[in-house]
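This is what each chain is made of:
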There are 2 protein chains.
Amino acid sequence: MKNGKPSRKEREYLRHRQEILKVALKLFSEKGFHNVSMHEIAEKSEFAVGTLYKFFSNKEDLYRALMLEASNVFHSSLMAALATSGSELEKIRACVEAKIKVFMDNLDYVRLYMAETQGVSFNVKTSLDPEIMDRYEKFLKQLARVFENGIKKRLFKKFEPYLLAVALDGISNALLFHHVEYPGAHSFDADLIINIFFQQVYEKEDLRDE
Amino acid sequence: MKNGKPSRKEREYLRHRQEILKVALKLFSEKGFHNVSMHEIAEKSEFAVGTLYKFFSNKEDLYRALMLEASNVFHSSLMAALATSGSELEKIRACVEAKIKVFMDNLDYVRLYMAETQGVSFNVKTSLDPEIMDRYEKFLKQLARVFENGIKKRLFKKFEPYLLAVALDGISNALLFHHVEYPGAHSFDADLIINIFFQQVYEKEDLRDE
DNA sequence: TCATATGTTGAATTTTAATTCATATCATGA
DNA sequence: TCATGATATGAATTAAAATTCAACATATGA
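As the structure is a prediction and not an experimental result, all values here were calculated from the model.

Cut-off values and rules
Residues numbered from 1 in each chain as written. Chains lettered and ligands numbered in written order. Predicted model: local features only at pLDDT ≥ 70, side-chain atom pairs only at ≥ 80, totals over all residues. Heavy atoms only, no water. Helix = DSSP H or I, 4+ residues; strand = E, 2+ residues; numbered from the N terminus. Buried < 20%, exposed > 50% of the residue type's maximum accessible area, 1.4 Å probe, protein only. Areas by Shrake-Rupley, 256 points an atom, 1.4 Å probe, with all protein chains shown as cover. Near = heavy atom within 4 Å. Polar contact = N/O pair within 3.5 Å; in protein donor to acceptor, adjacent residues only side chain to side chain. Nonpolar A, V, L, I, M, F, W, Y, C, P; charged D, E, K, R; others polar. Phe/Tyr/Trp six-rings, centres within 6.5 Å; stacked < 30°, edge-to-face > 60°. Lys NZ or Arg CZ within 6 Å of the ring centre and 35° of its normal. Expected span 1.5 Å × (residues − 1). Axes fitted to C-alpha atoms, helices over the stretch in contact; angles between N-to-C directions. Parallel < 35°, antiparallel > 145°, perpendicular 65-115°, else oblique. Contact = heavy atoms within 4.5 Å. pLDDT = per-residue confidence, 0-100.

## Structural notes on the overall build of chain A
Along chain A, the regular secondary structure elements total 9 helices and 0 strands. Order of helices (α) and strands (β) in chain A, N terminus to C terminus: α-α-α-α-α-α-α-α-α. Residue burial in chain A is summarised as follows: out of 210 residues, 51% are buried. Carbon and sulfur atoms form 52% of the exposed surface of chain A, whose accessible area is close to 10400 Å².

Quick look at the structure:
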């Protein structure tokens, strides 16, 4: 059937790889790296253990691949949001909205990704990829730059921009975590974050103190 | 030597137990639960493996005991701070100060404790003690109550108190984590948290909008 | 001093899970 | 149809820890 497309074997290969990753993501995010065995992944993905090793050189490599994907999804989405045109406040609002969206759209990834960015990587092996840390760092720096510009323009009060970035990220994460753990306990949206954090840090025109 | 104190064997027992816990805390906090073996704990604490099992029925039990201790230290300190007399703002300031202090005084515990409260408990077995979760929950509720009172007295703007509690906690954790990971990168103290979060949520007398 | 209880030891056992690899299956094209 | 290379298989191997327990040490007090 079909003729010589650019690939074919390759697409098959990719599909299989994807399938394995999907199952592994589900399992890792539910039970954590150490509480999932290769046999379990094999079983759930309907491949043999040996086959897994054709796709990933070992368990850690498989995990790393997942983290990388997660990092891609989150990072690109957040960076894109920060690049929005508009005022500094608008950029940041876009960023918070994007964060809530990727968060909700990728709940399985959330647990993996958060274990890396939040509070360093605890348990999992020797803190994985510095690559991922770097990216997170880059995001925070970019966010800090937005704050910095906002401060220069006298839109925001004078706080160390990087710390503002850390703080905003902290609030967002905390609220998102809470929401994921107790959905529906307290309604919650992007505006709330913006309001709690911002309405305030955002300096009212008639109160500039500098 | 010495005569019949209320105990003696018991104090000896406790001392030994304490010694084991101390070593385990150090190791777990450095390398994570799964990357520390009972043999390593035995070696470092200068007991035999078998002896460890006289004190703790298994590895998980040992870990659990540590978490409980950590929880005690943190929880009692934070609750005490919230019970301070004074205005709502003062209570909350006391709480943030207490948090920074216990945090700094117990860096080894921090990693263990945070893995539990922040972002649920990832990796380690089936999310440990609900007891610990309960306590954390209690703390947040108490903090929320303070916010609630502050709102009633028109000291703070009207936000869902529980979410304010989550948010404040989130900011504090994020900044503390950052500080622990990159000490000296950006100076940082209780006032900063209070200012970023509060100066603002705290409603200026001349701006009440309700 | 000796018998008993209490605490300690670490080699041996058991468990658990990662990783390998000889064998089987399948797809392709001669 | 058959030969060949590419893939997939899963029982067998290996590795790493957790846990046990019979033997040893030490303290107590009769």
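That shown, we press on.
## Some points on the protein's contact with DNA strand C
As a matter of local geometry, DNA strand C sits amid 17 residues, with Met38(A), Tyr53(A), Lys59(A), Ala48(B) and Gly50(B) nearest to it. Take the atoms of DNA strand C that sit within 4 Å of the protein: sugar and phosphate atoms are 59% of them. The contact in question runs from a phosphate oxygen of DNA strand C to an N or O atom on the side chain of Lys59(A), over 2.7 Å. A distance of 3.0 Å is found between a phosphate oxygen of DNA strand C and a backbone nitrogen or oxygen belonging to Ala48(B). The set of elements that each furnish at least two residues to the surface near DNA strand C consists of helix H2 (38–45) and helix H3 (49–55) of chain A together with helix H3 (49–55) of chain B. A total of 4 residues in the surface near DNA strand C trace back to one element, the largest contributor, which is H3(B). Of the residues contributing to the surface near DNA strand C, the split by class is 7 nonpolar, 7 polar and 3 charged.

## Comments concerning the packing of aromatic side chains
Summed over the entire model, instances satisfying the criterion amount to 14 aromatic pairs over all chains. Between Phe28(B) and Phe33(B), the aromatic rings sit 5.5 Å apart at their centres with planes inclined by 35°, giving tilted as the arrangement. A relative accessible area of 3% places Phe28(B) in the buried class. Residue class for Phe33(B) comes out buried when judged on its relative accessible area of 7%. Its end group placed over the ring of Phe33(A), Lys59(A) keeps NZ or CZ at 4.5 Å from the ring centre.

## As for helix H1 (residues 9–31) of chain B
Residues and elements named next belong to chain B. Between its terminal C-alpha atoms H1 stretches 33 Å, which fits the 33 Å expected from 23 residues at 1.5 Å a residue. For H1, the full list of buried residues reads Ile20, Leu21, Val23, Ala24, Leu25, Leu27, Phe28 and Ser29. One or two positions beyond H1, positive phi appears at Gly32, with a value near 85°.

## Describing the environment of Met67(A)
All names here are of chain A. Assignment of secondary structure puts Met67 in helix H4 (residues 59–82). Overall, the relative accessible area of 0% leaves Met67 in the buried class. C-alpha separation for the pair Met67 and Ile132, spaced 65 residues apart in sequence, amounts to 8.0 Å.

## Points about the protein's contact with DNA strand D
Surrounding DNA strand D, one finds 17 residues, the nearest of these being Gly50(A), Thr51(A), Met38(B), Tyr53(B) and Lys59(B). Within 4 Å of the protein, the contacting atoms of DNA strand D are drawn from sugar and phosphate to the extent of 64%. Separating a phosphate oxygen of DNA strand D from a side-chain N or O atom of Thr51(A) is a distance of 2.8 Å. Tyr53(B) is positioned such that a nitrogen or oxygen atom in its side chain is 2.9 Å from a phosphate oxygen of DNA strand D. It is H3(A) that contributes the most residues to the surface near DNA strand D, 4 residues altogether. Across the surface near DNA strand D, the residue classes tally to 7 nonpolar, 7 polar and 3 charged.

## Quick notes on the packing of helix H4 (residues 59–82) of chain B against helix H7 (residues 130–152) of chain B
Residue and element names in this part refer to chain B. Contact pair H4 / H7: the axes reach a minimum separation of 10 Å and the direction vectors enclose 10°. Between H4 and H7, the crossing angle belongs to the class labelled roughly parallel. Side by side, H4 and H7 meet where Met67, Leu68, Ser71, Asn72, His75, Leu78, Met79 and Leu82 of the first sit next to Glu131, Ile132, Arg135, Lys138, Phe139, Gln142, Leu143 and Val146 of the second. Of the residues in the contact of H4 with H7, the class split is 9 nonpolar, 4 polar and 3 charged.

## Observations concerning the side chain of Ser29(A)
Residue and element names in this part refer to chain A. Mapped onto the elements, Ser29 comes out in helix H1 (residues 9–31). Residue classification places Ser29 among the buried residues on the basis of a relative accessible area of 8%. Those residues in contact with Ser29 that lie beyond four places of it in its chain are Ala24, Asp108 and Arg111.

## Comments concerning the confidence of the model for chain A
Residue and element names in this part refer to chain A. For chain A, per-residue confidence averages 83 on the pLDDT scale, and 83% of positions sit at 70 or higher. Note that pLDDT drops below 50 for residues 116–127; the model gives that stretch 38 contacts with residues more than four away or on any other chain. Low confidence marks residues 204–210, where pLDDT is under 50. Its contacts with residues over four positions away, or in another chain, come to 10 contacts.

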